[in-house]
Amino acid sequence: RPSTTPPSRSRLPRATMASSSMAGEDGSTSSSSTMTSEPPPPDRGTLREAVAALYTSPDQNQRAAADQWLQWFLRSDHAWPLSIGMLRDATDLTSLEALFCARALHVLLRRCVSKAEKTQKSHAVLGEGDWIGMRDCLLPMAWNFAVKTVLHDVRGAGSIPGEAPPRTVLTQVSLAIAALACKMPNWDERAIVRDLAGYFGVDAEAAPDAVVNTVVALGGGAGSNPGDANNANLLVNKLSPEGAAAVVRAGAGCLLRILAVLPDEITAREISIHPGRRAAVADGLRAAAAEVVHPALDALARGLWAGGSGEYPPQWGDDVNGRILLQEAASAWCGFHPEAPGSCPGSCLEAAVRCLCAQHGSHHPKLVDASVTGATAALVAAVHRPERREALGACIAALRTAARASGPIRDEYETAAGQSRARIAEVLASVATRASEPPPDDGPRAPDPLGTGADAAADRKYIPYRDFRKARKERKRADARGVDEHGNVREVEVPLVRADVEVLCFCLDALLEAMEAGGVSPAAALEPWSAINDAWETWKNRPSAKGAAGSSSRGRPAADPAIVRCA
């Protein structure tokens, strides 16, 4: 259980607090109803009243007073225990109240620090016990919200007493867990993903007692006495097959949600984190991509798309939300660490391609959107990589076949076949654009002494802000002139010289066939050509070396035979 002692602060900020009614009977806030002082300690009722006033009140003064009070609340010592307490006992919370509390935890964790002493009033200081307590609280809390959502999906609306938590609440709790993992100093950065997969990827027998009790309370029990809830074996015996399946499915859903947001959280500029810790966590996540993440996603894909297997319950075959989360997580990790093997070939990519090649209407529109994102991320990351070329060729060949006309060619912009063809064209256009670019530079990058956020050097030295701002302006001017820090002109590579011509031509031909078949607009089919033209314009207008002039330096180079064939 988390520590009940709130993080230390030097003092609370003063704020203008409205009276409990927040406004007079005529809708205006009177001078006697406000006071410029430190508000009294809030309770659940006050917080719920303020949230309701902010989001539902028609009176502008009432909303302004509520917003000011909530801003003070987020900077006070009361935000931690009250938000956690309300989310832990969320049986009577509305969707807005649960969303505000979950968002509050994410914001608070993003700006908390781990220091010996407090230096910023807006940043809470957490000790070692506070970090561990927060983790022990947030992990089962996310599982609890997920299992309520799963039961709501399985049984239908109105089948569970009270208001089912929206998925955005679970997303905010997952974001809070991601922020905690990034900043928690006593959580080994190399074990973050493995610990999360081990916690959420267990059977119902090993699920937290609070989660099992929630399922039993919502009608997922087998009819035994709820009083025997002290033993894990007794708890699992109380679960019905539906309840046990819901526990496992909710745990996998939590893992997918956290994996989907973790790469973005470690690279976000809004999170207050030391560059050394950020770099260490990023390296740990990259190391876990091939070892843990992609194998776990493929295992989940086999269960979600094959109607269940020995690892996962057969009810997973209808889990549309799980399939959407799977593709979102896969695309996030392909973008975060494209060098990691495991994404192509892989079960996630196979599922995405199969979804796109299916008859239009076979899958939920949101699942099709997620499949476009997932397939694009995996296939774009496979371009210029010889070890993935066979799998890349098989996938784009399947997409090309599905995009061909199956009958007489006609205008199919509004037909089902035309819409499916348009989504496939999005993927092929992205792959073609990537194939027209040079291969990636997978080597280590030199640290940037002026970098900020995710680009900040892990061992950067302090630079006074005035000097830092001046150096950044000078670099910006140099970039505009096309010169480096030593005054040398930066070389601009000739377009298409190192392009993957085979993949590029294949995708361009596939786009032409799809456009001729109908449903794909010329703008979408010709998108790679636009990117190639932009690259030529950039090269043509590149800065010339000092003293070198004349049209000869700006003329196009002799055409490569392969590029001529491509054109």
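Everything in this summary refers to the structure shown in the same document. None of the values given here were measured: they were computed from a predicted structure. (Residues numbered from 1 in each chain as written. Predicted model: local features only at pLDDT ≥ 70, side-chain atom pairs only at ≥ 80, totals over all residues. Heavy atoms only, no water.)

### Some points on unusual backbone geometry
Keep this limit in mind: By the criteria applied, helices consist of DSSP H or I runs no shorter than four residues and strands consist of E runs no shorter than two, each listed in order from the N terminus.
Put simply, Cys-344 and Pro-345 share a cis peptide bond, and its omega is 0°. For Pro-345, the position within the fold is in the loop between α12 (320–336) and α13 (347–357). Despite not being glycine, Leu-496 shows a phi value in the positive range, around 70°. Mapping Leu-496 onto the fold places it in the loop between α17 (465–481) and α18 (501–517).

### Comments concerning the packing of aromatic side chains
By convention here, two paired aromatic rings are described through the distance between centres and the angle between planes. Let me state the cut-off plainly: Any two rings among Phe, Tyr and Trp, with Trp reduced to its six-membered ring, count as a pair given centres within 6.5 Å; such a pair is stacked if its planes are under 30 degrees apart, edge-to-face if over 60, and tilted if neither. Any residue under 20% of the maximum accessible area for its type is buried, any over 50% is exposed, and the rest in between are partly exposed; the area is computed with a 1.4 Å probe on protein chains only.
Tallying each qualifying case throughout the model produces eight aromatic pairs. Residues Trp-69 and Trp-72 carry aromatic rings whose centres are separated by 5.8 Å and whose planes lie at 50° to one another, so their mutual orientation is tilted. Residue Trp-69 and its partner Trp-72 are both found in helix α2 (residues 60–74); the two are separated by three residues, about one turn of the helix. For Trp-72, a relative accessible area of 2% puts it in the buried group.

### Examining the state of the cysteines
Structurally, a disulfide amounts to a covalent bond that connects the sulfur atoms of two cysteines. Our working definition: Only a pair of cysteine sulfur atoms within 2.5 Å qualifies as a disulfide here.
Under the counting rule described, the total for this entry stands at zero disulfides. Cys-334 supplies the cysteine sulfur nearest to Cys-348, a cysteine that is in no disulfide, at a spacing of 8.3 Å.

### A word on helix α6 (residues 167–183)
In an α-helix, one full turn covers 3.6 residues, which means residues spaced three or four apart are oriented alike. So the rule is basically this: In this analysis, the expected span of each helix is defined as 1.5 Å times one less than the number of residues it contains.
Under the 1.5 Å per step criterion, the end-to-end length of α6 is 25 Å for 17 residues, consistent within 8% with the ideal 24 Å. Among the 17 residues in α6, 14 count as buried, and that is most of the element.

### Some thoughts on helix α14 (residues 365–382)
Here α14 contains 18 residues, and its C-alpha end-to-end distance of 26 Å stays within 8% of the 26 Å for a straight helix at 1.5 Å per residue. The buried fraction of α14 is high, at 13 of 18 residues. Looking one or two places after α14, you find His-384, whose phi comes out positive at around 70°.

### Examining a positive patch on the surface
This is how it is decided: Two joining distances apply to patches: 9 Å for like charges and 5 Å for nonpolar side chains (Val, Leu, Ile, Met, Phe, Trp, Tyr), and every residue must have over 30% relative accessible area and no salt bridge. Note on areas: Shrake-Rupley, 1.4 Å probe, and residue coverage restricted to the protein chains presented here. By salt bridge we mean one thing: a side-chain nitrogen of Lys or Arg within 4 Å of a carboxyl oxygen of Asp or Glu. In this tally, Asp and Glu contribute negative charge and Lys and Arg positive charge; neither His nor the terminal groups of the chain are included. Charge positions come from single atoms, namely NZ of Lys, CZ of Arg, CG of Asp or CD of Glu.
The grouping of Arg-466, Arg-469, Lys-473, Arg-477 and Arg-481 at the surface amounts to a positive patch. Here Arg-469 is to be found in helix α17.

### Re the nonpolar core
Under the convention used in this document: We define the nonpolar core as a collection of buried residues of types Ala, Val, Leu, Ile, Met, Phe, Trp, Tyr and Cys that are connected through side-chain atoms lying within 4.5 Å of one another. Residues count as neighbours in contact if any of their non-hydrogen atoms are within 4.5 Å of one another.
Judged by nonpolar contacts, the single largest core of 149 residues is most densely connected at Leu-47, Leu-109 and Trp-333. Those residues in contact with Leu-47, other than ones at most four positions away along the chain, are Trp-69, Leu-70, Phe-73, Leu-82, Met-86, Phe-100 and Cys-101.

### What about the environment of Leu-504?
Mapped onto the elements, Leu-504 comes out in helix α18. Between the C-alpha atom of Leu-504 and that of Ala-432, which follows or precedes it by 72 residues, the distance is 4.8 Å.

### Regarding the pattern of salt bridges
Applying the stated criterion across every chain, the model contains 19 salt bridges. A salt bridge links Arg-48 to Glu-97; the nearest nitrogen and oxygen atoms lie 3.0 Å apart. Separated by 49 residues along the polypeptide, Arg-48 in helix α1 (residues 44–56) and Glu-97 in helix α4 (residues 95–111) bring together distant segments of the chain. Relative accessible area serves as the criterion here: at 21%, Arg-48 is assigned to the partly exposed category.

What is shown is where atoms sit, not what they do.
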